[in-house]
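# Notes for the structure review
The lines below spell out each chain.
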Amino acid sequence: MNFRLAIASLTAACLLAGCGGRPQLTSTQTLQVMDGNALPAPTGNDLVGETRPYLIGPFDRLSVDVYGVPDLSKQVQTDAAGMIQLPLVGQIKASNQTSAERAEAIEQKLTRFVRRPDVSVNVTESVSQVLTVEGQVAQPGLYPVVGKMSLIRAVALAKGTTEFAKLDDVVIFRTVGGQRMAALYNLKAIRTGVYDDPEVFANDVVVVGDSPGRRLFKDILATTPLLVSPIVALIK
């Protein structure tokens, strides 16, 4: 084998294997680089948040009852966009509203067909544990977190990346103990086993491809252009 080619191959293999550790990363005015390669898990308070009136969300199951008109009473589930489909009413948005607000809106729609409609809406199953996947994926949106979920699985729920997606530009945003954090990942490196597929949690935001989030890391990446391990940082 050509000597120079052998040296280049050995260097590349060493980088991918993490020989000697990654270069020392310097914090910037925006990001404070943290030790370690993983975002800390959120606390219970981070997942639940403060007490407030419950707003219907994506994938919640609802019981819509029209008093005295059983044919119009239905069990429905909101889709990823928070929409539901009802007889006579058609498609209507339910997310980001309370049950009482949604019942009132349905009553207004039904006045054309039913005299003095009396509607009640109840949440029968709440899927409040959701994460956001956006950017260069086939189907951006909110997705339920059921059981243990990884970054690769979250991207798969969004129907995978688009044809020209930047696989080395994937940022996870997370709030831990009230502190906003971000981590930069390389999907190709995860798929080839260079480092582990990280776990994602409810309320995480996953952004695939070039984005303002990824550009937060541009000064850090100037000193280490090859992402051989995740970069985890506090957002100042």
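Cut-off values and rules
- Residues numbered from 1 in each chain as written.
- Predicted model: local features only at pLDDT ≥ 70, side-chain atom pairs only at ≥ 80, totals over all residues.
- Heavy atoms only, no water.
- Pairing = 2+ DSSP bridges.
- Helix = DSSP H or I, 4+ residues; strand = E, 2+ residues; numbered from the N terminus.
- Axes fitted to C-alpha atoms, helices over the stretch in contact; angles between N-to-C directions.
- Buried < 20%, exposed > 50% of the residue type's maximum accessible area, 1.4 Å probe, protein only.

The next point concerns the sheet that holds strand 11 (residues 179-185). On the basis of which strands lie adjacent, the open sheet formed by seven strands has the order 1-14-11-10-13-7-8 and mixed pairing. Each edge of the sheet is formed by a strand with only one pairing partner; in this case those strands are strand 1 (31-33) and strand 8 (141-144). In this sheet, adjacent strand axes meet at a mean angle of 25° when their direction is disregarded. Two elements, strand 7 (residues 130-135) and strand 8, share four bridges in a ladder whose sense is antiparallel. Within the sheet, the bridge partner assigned to Thr 132 lies in strand 8 and is Leu 142.

Across the five residues of strand 14 (residues 231-235), five count as buried, placing the element largely inside the fold. Burial of the side chains of strand 14 extends over both faces: Ile 231, Ala 233 and Ile 235 are buried on one face and Val 232 and Leu 234 on the other. The pairing of strand 1 with strand 14 spans three bridges and is classified as antiparallel. Each residue of the ladder has a partner; that of Gln 32, found in strand 14, is Leu 234.

All quantities given are derived from atomic positions and should not be read as evidence of function.
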